[in-house]
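# Breakdown of the fold
Below, each chain spelled out in residue letters.
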Amino acid sequence: CCFFFQAEDGIRDFCLSRGLGDVYKRQFSFHASFETRIENRGPKTIKAFVVEYIPYFLLPKFAQISVLLDGQKISNYTLEIEYKEHEFYLLRFTVNIHSNSVLSVLTPTEKLLQTFENYPHDPYRGFDLISHPLVYQILGDSQTHLIRFENNLMTIVPQPDLSMPFNIICVTMAIYGYVFLNIFSLFVKRTKSII
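Residues numbered from 1 in each chain as written. Predicted model: local features only at pLDDT ≥ 70, side-chain atom pairs only at ≥ 80, totals over all residues. Heavy atoms only, no water.

### Quick word on the overall build of the protein chain
- The secondary structure content of the protein chain amounts to one helix and 15 strands.
- With 195 residues in all, the protein chain has 36% of them scored as buried.
- Expressed as a percentage of contacts within the protein chain between residues at least 6 apart in sequence, the contacts between residues at least 24 apart total 71%.
- About 12,500 Å² of surface is accessible on the protein chain, with carbon and sulfur atoms providing 58% of the total. (Helix = DSSP H or I, 4+ residues; strand = E, 2+ residues; numbered from the N terminus. Buried < 20%, exposed > 50% of the residue type's maximum accessible area, 1.4 Å probe, protein only. Contact = heavy atoms within 4.5 Å. Areas by Shrake-Rupley, 256 points an atom, 1.4 Å probe, with all protein chains shown as cover.)

### Digging into the confidence of the model for the protein chain
- Model confidence for the protein chain is summarised by a mean pLDDT of 77, while 74% of its residues fall at 70 or above.
- Highest mean pLDDT in the protein chain belongs to strand S8 (residues 72-73) (95); lowest belongs to strand S2 (residues 10-11) (30).
- Under a pLDDT of 50 for its full length, residues 1-13 has, in the predicted model, 28 contacts with residues more than four places off or in other chains.
- Taken as a whole, residues 23-29 scores under 50 in pLDDT and shows nine contacts with residues more than four places along the chain or in a different chain. (pLDDT = per-residue confidence, 0-100.)

### Remarks on unusual backbone geometry
- You will see that aspartate 70, though not glycine, has its phi angle at about 55°, which is positive.
- Of note, aspartate 70 is situated in the loop between strand S7 (66-69) and S8.
- Classification of aspartate 70 as partly exposed rests on a relative accessible area of 46%.
- Non-glycine residue asparagine 100 carries a positive phi angle of around 55°.
- On the secondary structure map, asparagine 100 appears in the loop between strand S10 (88-97) and strand S11 (101-111).
- Of the residues examined, asparagine 100 reaches a relative accessible area of 60% and is grouped as exposed.

### A closer look at the pattern of salt bridges
- In total, this model carries six salt bridges according to the counting rule given.
- A salt bridge links arginine 37 to glutamate 39; its shortest N-O distance comes to 4.0 Å.
- For arginine 37, a relative accessible area of 29% gives the class partly exposed.
- Exposure remark for glutamate 39: the relative accessible area of 19% places this residue in the buried category.
- Put simply, arginine 41 and glutamate 39 hold a salt bridge, and the shortest N to O gap is 3.3 Å.
- Residue arginine 41 is classed as partly exposed on the basis of its relative accessible area of 35%. (Salt bridge = Lys/Arg side-chain N within 4 Å of Asp/Glu carboxyl O.)

So this is what it looks like as structure tokens:
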């Protein structure tokens, strides 16, 4: 999926895509990977500032983050991490993308179970993951340019069977009803036999 963006001097030579791969491993153990892919089709090297917003229920695996340039792992990038407890992780990558090169940023995450109150009203719909703008600067130029992602992402986190409390209440009430009716019928029969 590629998005092209209109700039003042015509269409910039960039191809930008963002996705979330959800992989089911086993019951209540989910993994997902954010992937941001930027292709520099222009004649100059750019300095890209990639921001990834990750909600707190997706735990990033920082040791497994990969930054690839033309399919090769690179280490000459900077990563700043901001964490707000029970809210989000904000990852800021700064990396140079050479002319006619493709940058891929892969961020693996572990999906965590939520407390009952934190699930949406329709938990099967999933959670929205907001997108952040990509800011870049052509090396040798002091002006920065802004590209916005076109779409948000959505993910479904593992969830317990939310119908279980209802089932337990129904079975418990059925047992209480059965016991109460048997006791009631014993008293009624005994009262009728006495009369």
